[in-house]
Amino acid sequence: MTDSKYFTTTKKGEIFELKAELNSDKKEKKKEAVKKVIASMTVGKDVSALFPDVVNCMQTDNLELKKLVYLYLMNYAKSQPDMAIMAVNTFVKDCEDPNPLIRALAVRTMGCIRVDKITEYLCEPLRKCLKDEDPYVRKTAAVCVAKLHDINAQLVEDQGFLDTLKDLISDSNPMVVANAVAALSEIAESHPNSNLLDLNPQSINKLLTALNECTEWGQIFILDCLANYTPRDDRESQSICERVTPRLSHANSAVVLSAVKVLMKFMEMLPKDLDYYGTLLKKLAPPLVTLLSAEPELQYVALRNINLIVQKRPEILKHEMKVFFVKYNDPIYVKLEKLDIMIRLASQANIAQVLAELKEYATEVDVDFVRKAVRAIGRCAIKVEQSAERCVSTLLDLIQTKVNYVVQEAIVVIKDIFRKYPNKYESVIATLCENLDSLDEPEARAAMIWIVGEYAERIDNADELLESFLEGFHDESTQVQLQLLTAIVKLFLKKPTETQELVQQVLSLATQDSDNPDLRDRGYIYWRLLSTDPVAAKEVVLAEKPLISEETDLIEPTLLEELICHIGTLASVYHKPPSAFVEGSRGVMHKRLPARTGSGESAESPDTGSSAAGSAPEATPAVIPSQGDLLGDLLNLDIAPTTTPGPPPPVSGMQMGAMDLLGGGLDSLLGGNIGGGSPAMGVAFGNPPAVMPASLNAPVSSGLGDLFDLGGGVGMPMGAYVPPKTVWLPAMKAKGLEISGTFARRAGVIQMEMTLTNKAMSVMSDFAIQFNRNSFGLAPAGPLQILTPLSPNQTLEASLPLSTVGPVMKMDPLNNLQVAVKNNIDVFYFSCQYPISMLFAEDGKMERQVFLATWKDIPNDNESQFQIKDCHLNSDAASNKLQGSNIFTIAKRTVDSQDMLYQSIKLSNGIWVLAELRVQAGNPTYTVSLKCRAPEVSQCVFQSYEAVLKN
């Protein structure tokens, strides 16, 4: 009879009966009782009251009974930790049992009981099991270390288990090696910066040897571990690829994808002219094709991974187009994914085949799929120029079917074809105009309106067509309204005499009768352009448009590289980096492909720059999470390149409109006072000069005399402290533009020093920068000087002088700066924190008497005290170092071998900070007391003290 009988009983008072049975002398009766307890536990009944009785059954030789008791223990130990201690002796005894199965079972169960009190007793048995003679026990113990690390990481490190685990990588048994790798990888994931898996050619060799003999899941662990290794050169890379290639023919698809990941990564290091490189490309295709014969869910995962592989190396599957043709019984999610890959693989050689397929798909019954197929025909036309004519005629055939949604999709893609190949296929416009009445979707209507406006001179009744759309103007979607406004303005500029009434009608609808701010703004811009300078209007509105690119949906290169390193994981299915969907305390490592040998680049370290900034608290900038937080303030940003403020030229009243629109940028349209700061500022800070003067008080060396310190007395102040550069804007958040930077004060002028790197595929130009309002009124003192375009993979240095006369708003933290950077691609936002020492003025040395009077005058409540630890300078060296950053020592006195330095600082906005620095000989901890009328700056000033003295 099967064990199902244990689940059928529904007696009420059975706990008491079970208790009696568990304490029975007969072994069989005990076993039956434990089975009943486990059955009750499984269906959700609370049998925790039987804990002591079940624990008493542990001391048995019967393996089956022992397993059941251990199962019960795992479930209830957490709720009964005090009673679970009773089981410890039996665990320890079982860890020395002659039967390896019992030893392994005991150590596995102890690892699963997440009770702190028990973990202390687990260490000794675990240490013995890690060195057990039986490989089954060793492999179980290896996984137990990872579980124990999750409960108490410090204990594992103190007991030296990590070293034992590393030794197991050299074990003779492949399963032990695989489990040791799995455990170390798991621990390393939760500690991204620890170098636990210290891989070297010797350990890699051991892993590759174990790879051939362990189970499929063991192979996956080893392959994933190999993928994290960076070979020294192309020879080692080739050798690893040769030994991993046999895994491609494995029956388990997870093993295949893990092997593909390793090969895709290590191929980066192989020279393309190597024979083996071509062989490897050929070997990668068959296993990927085989994955497509699995069930639909697996097919989908394979297709999402193939999509990434094709973007990185299309040559792998360029001859395998037919396997991506859609089958009639494919689920829709597989169909759409296959369609995407077909377009990526489309080339001149196979375009005829692809178009025939796509035309077939466009007659299917599934509406979503048909729409995507029609779009795909348009994408093929844009991608393969030789096929454009055939694609256009295919689209015209589809329009003749008069199926509404097919016609609408066809018009949308024909608009794109016109953008790609101007003055080539305009003969089809007449056919498109015939279908005007059937268009009911906003995107199709907008596309048709664009075509009519763009080619108005070739369409005799263009004004009538556009007028028909104008009748229901307020019922249209925003997309259609904006397109209609632009199209009618284009028509007016091409045929001014016939369409004056029409353009006035649309401008009045857009500006006076509309609530949409985008539409109103565009309407006013056109209105002012047309009324002041029709020639300029023609140049702006009818300007030649750039050709659209073929692959608009390619994944950004840095993200693609990271996703290739995650093939076979969820990241490759979502097409998002793990950091986008993995939450919790675990640090997520950003992986990158290795640089090709000989390119002079090293594989980028994921934590570059983090250690450099470690010394200054809060130095790592937080990228602003969403643009929504900033909207209120960023509306005030004028992204036009900043010019040095000066008196505006006199403007006559009549010309004001044109000046506003084309000269002043966003600020004048919004009625803001951006260039000159808020009117209230002058009251608080006095009116500083418009352009920041270079201070004359900056410490300047005076020739050779100072070089040899001939001045005598106090040593010369050292240079001002400049924090190391940190990444402010990562490439992944800015479409390939990476900005890292720091702030420096040189000869009295604050400089924002930046390194701009282009990690995208397109050239970047037209850079401009703007700051949000901030605590100290920091603003660019001139435009961002990047005179040459930034090519792909190029890095440029830029230095931007800053003034402190911008608009003021208190930030949190006080030294936070929100920045907008514009280029020809987009506007990007980030925030960074500047060290407040950049604002310390050169004229900050107070007279002694003034210092004394001011110190007494500032209330004691405004005094803050801080400690600077691990500082090994004497008071003179500290004084010199601080003076380099404009922290001036007024006086010094010594009491009981403790030096007290009295210092003054003046901030750029006129706030004075007074300080007392105590330095005790032989004591590495300094005490600094700060007094200021604005006590909120004290924390930032202390951070600057700490940064200057420790660097």
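Structure's up top.
Worth saying up front: this structure is predicted, and the values here are computed from it rather than measured.

> What is the right way to look at the overall build of the chain in this model?
Per the secondary structure count, the chain includes 40 helices and 13 strands. For the chain, buried positions account for 50% of its 951 residues. Sequence-distant contacts, at least 24 apart, represent 67% of the contacts inside the chain between residues at least 6 apart. In the structure as shown, the chain presents an accessible area of about 45,200 Å², 52% of it carried by carbon and sulfur atoms.

> Before we go on, may I ask you to explain the sheet that holds strand β6 (residues 795–803) in this structure?
Working definition: the strands of a sheet are paired by backbone hydrogen bonds and lie parallel or antiparallel to each other. Across the sheet, which stays open at both edges, the 5 strands sit in the order β1-β2-β3-β6-β5 with antiparallel pairing between neighbours. Each edge of the open sheet is held by one strand with a lone partner, namely β1 (726–729) and β5 (779–780). The sheet contact formed by strand β2 (residues 737–746) and strand β3 (residues 749–758) spans 10 bridges and is antiparallel. Looking across to β3, one finds that S740 is bridged to T755.

> Any chance you could explain helix α9 (residues 135–151) here in plain terms?
It helps to recall that an α-helix has 3.6 residues per turn; residues three or four apart then point in one direction. Compared with the 24 Å implied by 1.5 Å per residue over 17 residues, the 25 Å span of α9 between its first and last C-alpha is a close match. Every buried residue of α9 is accounted for by V137, R138, T140, A141, A142, C144, V145, A146, L148 and H149. Close packing links the buried residues of α9 with α7 (100–112), α8 (116–130), α10 (153–158), α11 (161–167) and α12 (174–190). Sitting at the head of α9, D134 places a side-chain oxygen 2.8 Å from the backbone nitrogen of Y136.

> Help me understand the pattern of salt bridges in this model?
A side chain of one charge can pair with a side chain of the opposite charge when the charged atoms of the two come close. Here the structure, examined in full by the defined rule, presents 33 salt bridges. Residue D224 pairs with K261 through a salt bridge whose shortest N-O separation is 3.0 Å. Here D224, found in helix α14 (residues 216–227), pairs with K261, found in helix α16 (residues 253–267); they are 37 residues apart in sequence, far enough to count as distant. Assessed through its relative accessible area of 5%, K261 is described here as buried. K735 is paired through a salt bridge with D826; the nearest N and O atoms lie 2.9 Å apart. Remark: D826 occurs in the loop between β7 (816–822) and β8 (827–833) and K735 occurs in the loop between β1 and β2; sequence separation between them is 91 residues. Owing to a relative accessible area of 43%, K735 belongs among the partly exposed residues under this scheme. Among the residues examined, D826 registers a relative accessible area of 31% and is labelled partly exposed. Linked by salt bridges that have partners in common, R371, R375, E409, E441 and E443 make up one network.

> Sorry, what's going on with the sheet that holds strand β10 (residues 888–895) here?
Sheet architecture is open: 5 strands sit in the order β9-β13-β12-β11-β10, paired in antiparallel fashion. This sheet does not close on itself; its edge strands, each paired only once, are β9 (863–868) and β10. Strand-to-strand twist of the sheet, defined as the mean angle between neighbouring strand axes without regard to direction, takes the value 20°. Looking at chain direction, β10 and strand β11 (residues 898–906) are connected through 7 bridges and run antiparallel. Opposite T894, over in β11, you have D899 as the bridge partner.

> How should the packing of α14 against α16 be read in this particular structure?
A pair of packed helices is captured by two measures, namely the crossing angle of their axes and the spacing between those axes. Two numbers describe how α14 lies on α16: the axes approach to 9 Å, and their chain directions differ by 15°. With respect to α16, the axis of α14 lies roughly parallel. Handedness of the crossing formed by α14 with α16: left-handed. For the pair α14 and α16, contact is made by E216, W217, Q219, I220, L223, D224, L226 and A227 and by A254, V255, S258, A259, K261, V262, K265 and F266, respectively. Its residues placed into classes, the contact of α14 with α16 shows 10 nonpolar, 2 polar and 4 charged.

> I keep staring at a negative patch on the surface and nothing clicks. Help me out?
Taken together, the side chains of E464, E467, E471 and E501 define an acidic patch exposed on the protein surface. In this fold, E464 is placed in helix α26 (residues 462–470). On the basis of relative accessible area, E464 is assigned to the exposed category, the value being 53%.

> Is there a simple way to explain helix α4 (residues 63–76) in this structure?
The end-to-end C-alpha distance of α4 is 20 Å, a good match for the 20 Å that 14 residues give at a rise of 1.5 Å each. Of the residues making up α4, those classed as buried are L65, K66, L68, V69, Y70, Y72, L73 and Y76. Contacts made by the buried residues of α4 are with α2 (27–42), α3 (51–56), α6 (88–94) and α7.

> For this particular structure, what's the right way to read unusual backbone geometry?
Leave glycine aside and you will find that most residues have negative phi; peptide bonds, for their part, are mostly trans. Residue D812 is joined to P813 through a cis peptide bond whose omega torsion reads -5°. Structurally, the position occupied by P813 is in the loop between β6 and β7. In the Ramachandran plot, A747 falls in the positive-phi region, its phi being about 50° despite a non-glycine side chain. Within the fold, A747 resides in the loop between β2 and β3. Phi at N886 takes a positive value of approximately 65°, unusual for a residue other than glycine. Secondary-structure assignment places N886 in the loop between α39 (875–884) and β10.

> Would you take a moment to explain the pairing of β11 for this structure?
Across a regular strand the side chains alternate sides, sitting on one face of the sheet and then on the other. For β11, the tally of buried residues reaches 8 of 9 residues, placing the bulk of the element in the interior. Pairing geometry for β11 and strand β12 (residues 912–920), over 9 bridges, is antiparallel. By the bridge assignment for β12, D899 is matched with V919.

> Even after reading the chapter, I still don't get the side chain of S514, so can you show me in this structure?
Topologically, S514 is positioned in the loop between α28 (500–511) and α29 (517–532). Setting aside anything within four residues of it in sequence, one finds S514 in contact with H474, L509, L519 and R520.

> What's the story with the packing of aromatic side chains in this structure? I'm lost.
Any pair of aromatic rings gets described here by the distance separating the centres and the angle formed by the planes. For the structure shown, the criterion picks out 12 aromatic pairs. Between Y300 and Y333, the aromatic rings sit 5.5 Å apart at their centres with planes inclined by 90°, giving edge-to-face as the arrangement. Taken together, the residues span a long stretch of sequence, with Y300 in helix α18 (residues 296–312) and Y333 in helix α19 (residues 332–345) at a distance of 33 residues. Its relative accessible area of 23% is what places Y300 among the partly exposed residues. Measuring from ring centre to ring centre gives 5.4 Å for F418 and Y455, while their planes differ by 75°; the resulting arrangement is edge-to-face. With F418 in helix α23 (residues 404–420) and Y455 in the loop between α25 (442–454) and α26, this residue pair connects regions lying 37 residues apart in the sequence. Pairwise contacts between aromatic rings join W728, F743, F776, F830 and Y834 into one cluster.

> Just checking my understanding: could you explain the environment of L542 for this structure?
Examined against the element boundaries, L542 turns out to sit in the loop between α30 (534–541) and α31 (557–564). Judged by relative accessible area, L542 falls into the partly exposed class, the value being 27%. Along the sequence, L542 and K494 sit 48 residues apart, while their C-alpha atoms lie 9.1 Å from each other.

> Where do I start with the packing of helix α21 (residues 367–383) against α23 in this structure?
It is at 9 Å that the axes of α21 and α23 come closest, and there the two elements cross at 20°. It follows from the interaxial angle that α21 and α23 lie roughly parallel. As α21 packs across α23, the resulting crossing turns out to be right-handed. Seen from α21, the contacting residues are V367, V370, R371, V374, R375, G378, A381 and I382; seen from α23, they are Y405, V406, E409, A410, V412, V413, D416, I417 and K420. For the contact of α21 with α23, the per-class residue count stands at 11 nonpolar, 1 polar and 5 charged.

> Just checking my understanding: could you explain the environment of N886 for this structure?
Exposure remark for N886: the relative accessible area of 4% places this residue in the buried category. The spatial distance from the C-alpha of N886 to the C-alpha of S837 is 7.9 Å, given a sequence separation of 49 residues. Discounting chain neighbours no more than four positions away, the residues touching N886 are R745, F840, A841, E842, S904 and I905. Of note is the side chain of N886, whose polar atom sits 2.8 Å from the backbone oxygen of F840. A polar side-chain atom of N886 sits 3.0 Å from a polar atom in the side chain of E842.

The rules behind the values
- Residues numbered from 1 in each chain as written.
- Predicted model: local features only at pLDDT ≥ 70, side-chain atom pairs only at ≥ 80, totals over all residues.
- Heavy atoms only, no water.
- Helix = DSSP H or I, 4+ residues; strand = E, 2+ residues; numbered from the N terminus.
- Buried < 20%, exposed > 50% of the residue type's maximum accessible area, 1.4 Å probe, protein only.
- Contact = heavy atoms within 4.5 Å.
- Areas by Shrake-Rupley, 256 points an atom, 1.4 Å probe, with all protein chains shown as cover.
- Pairing = 2+ DSSP bridges.
- Expected span 1.5 Å × (residues − 1).
- Polar contact = N/O pair within 3.5 Å; in protein donor to acceptor, adjacent residues only side chain to side chain.
- Salt bridge = Lys/Arg side-chain N within 4 Å of Asp/Glu carboxyl O.
- Axes fitted to C-alpha atoms, helices over the stretch in contact; angles between N-to-C directions.
- Parallel < 35°, antiparallel > 145°, perpendicular 65-115°, else oblique.
- Left-handed = near helix turned anticlockwise from the far one by under 90°.
- Nonpolar A, V, L, I, M, F, W, Y, C, P; charged D, E, K, R; others polar.
- Patch = residues over 30% accessible without salt bridge, like charges linked within 9 Å, V, L, I, M, F, W, Y side chains within 5 Å.
- Lys, Arg positive; Asp, Glu negative; His and termini not counted.
- Charge placed at Lys NZ, Arg CZ, Asp CG, Glu CD.
- Phe/Tyr/Trp six-rings, centres within 6.5 Å; stacked < 30°, edge-to-face > 60°.

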